Amino acid sequence: KVTEHIDNAKGKTLFSIEIIPPSKGSNSIGDLLSGIEPMMELNPPFIDVTYHREEYLIKDMPDGGQKEVRTRKRPGTVGICSAIMHKFDVDAVPHVLCGGFNKEDTEDLLFDLSYLGIDNVMALRGDIAKPFNVFKPKKGGHQYASQLISQIKDINAGKYLYEELESETHPDFCIGGAAYPEKHYEAQSMDIDFENLKRKVDAGMDYIVTQMFFNNQKYFDFVNKCRANGINIPIIPGLKVLATKRQLEILPELFFCDMPEDLRKGVAAAKDNAGAREVGVEWCVQQCKELKEYGVPALHFYTMSKSNTTLAVAKEVF
Ligand code: FAD
């Protein structure tokens, strides 16, 4: 379990990563595994594998009707988790979503994960599917991650949708969840978002992974607020190494994170992407050193399934 890895490290900061299943027809599982293999030299005790929904334009409807956009889940998360556990002997943390799943689908997925020997899940609402501008759960599914966490806790207690078993042999997942030191973009205020985070903790979340941030003070303030309000579970900082000039604009748009002025200036002054990457790596090295000094449980890198930039940073820090 992620929390056991943290406890066993006895205050030493762990190195961990998040990877993304390839979209169909792009990389093979072999490419994915060889892409991340160089990072294994840093011994990540766990690897997160994201889950996604994609939309498709169906041009020829079988019933001859109008073309329409449909969203469906991107396959790969479960299979990739199993593959990395076998190839690298590390724990896999599949992301499980509210979006696209009803409660029965969720229960079935969790049993499949448990049969594969997976003991950790990251419970998330999921991004809004592109054709919509508000989150729409599948009929019979969850609206919020806190409800998904409650369902996982029920399964951990042997309480399933249509039966309650006394047996001791039921899954026992360690449950991670997301938090946003700079506020989730839909929340009206930091305080409302924080109240909603507390619902997830009360529902049984075991640890937090934060959205990416480029200003450590945002993380420190967030941790202080959590501790002052009785949230005492591990808070793992999520980190992204800025690697291109375009990411200076795109990352704040996609992830609603502030770009410090010095980082902006450094990247703007770089003459090309290679120069921007150098600035991004150096920035992240400094962030990581400070976070490590502060005693964070792990430095968790959003790698996009590529090793280069993450390794460039991690080798300076670990
Ligand atoms: P929630 O905790 O449910 O919060 C969503 C919004 O609802 C927030 O604004 C919150 O304040 C509000 N809210 C919560 N509870 C209530 C309530 N009871 N009443 C009213 N408002 C409420 N997306 C993917 O699609 N796939 C992934 O694999 C993935 N991995 C991620 C990993 C991390 C570490 C992070 C930080 C994000 C990830 N995301 C992923 C993105 C995530 O799905 C989105 O940010 C999503 O918009 C919110 O998910 P959540 O689990 O934080 O939602």
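Residues numbered from 1 in each chain as written. Predicted model: local features only at pLDDT ≥ 70, side-chain atom pairs only at ≥ 80, totals over all residues.

Close contact between helix α10 (residues 273-294) and helix α11 (residues 308-317) brings their axes to 9 Å; oriented N to C, the two are set at 40°. The angle between the axes of α10 and α11 places the two elements in the oblique class. Once α10 is placed against α11, the crossing between them reads as right-handed. Together, Arg-277, Val-281, Cys-284, Val-285, Cys-288, Lys-289 and Lys-292 of α10 and Thr-309, Ala-312, Val-313, Glu-316 and Val-317 of α11 make up the contact between the two elements. By residue class, the composition of the contact of α10 with α11 is seven nonpolar, one polar and four charged. (Axes fitted to C-alpha atoms, helices over the stretch in contact; angles between N-to-C directions. Helix = DSSP H or I, 4+ residues; strand = E, 2+ residues; numbered from the N terminus. Parallel < 35°, antiparallel > 145°, perpendicular 65-115°, else oblique. Left-handed = near helix turned anticlockwise from the far one by under 90°. Contact = placed C-beta atoms within 7 Å. Nonpolar A, V, L, I, M, F, W, Y, C, P; charged D, E, K, R; others polar.)

Of all residues adjacent to the ligand, which total 23 residues, the nearest are Thr-50, His-95, Arg-125, Ala-178 and Asn-196. Counting only elements with at least two residues in the shell around the ligand, the list comes to β5 (91-97), α5 (145-156) and α6 (190-203). In terms of residue count, α6 provides more of the shell around the ligand than any other element does, four residues in total. Of the residues belonging to the shell around the ligand, the class tally is eight nonpolar, nine polar and six charged. (Near = placed C-beta within 6 Å.)

On the basis of which strands lie adjacent, the open sheet formed by nine strands has the order β9-β8-β7-β6-β5-β2-β1-β11-β10 and parallel pairing. Looking at strand neighbours, the two that pair on one side only are β9 (235-236) and β10 (238-239), the edges of this open sheet. Sheet topology note: the strand β8 (residues 207-210)/β9 ladder contains two bridges and is parallel. Across the sheet, the residue bridging to Ile-208 is Ile-235, located in β9. (Pairing = 2+ DSSP bridges.)

Our focus in this paragraph is unusual backbone geometry. The residue Lys-10 is not glycine, and still its phi comes out positive at about 50°. We note that Asn-43 has phi near 50°; this positive angle belongs to a residue other than glycine.

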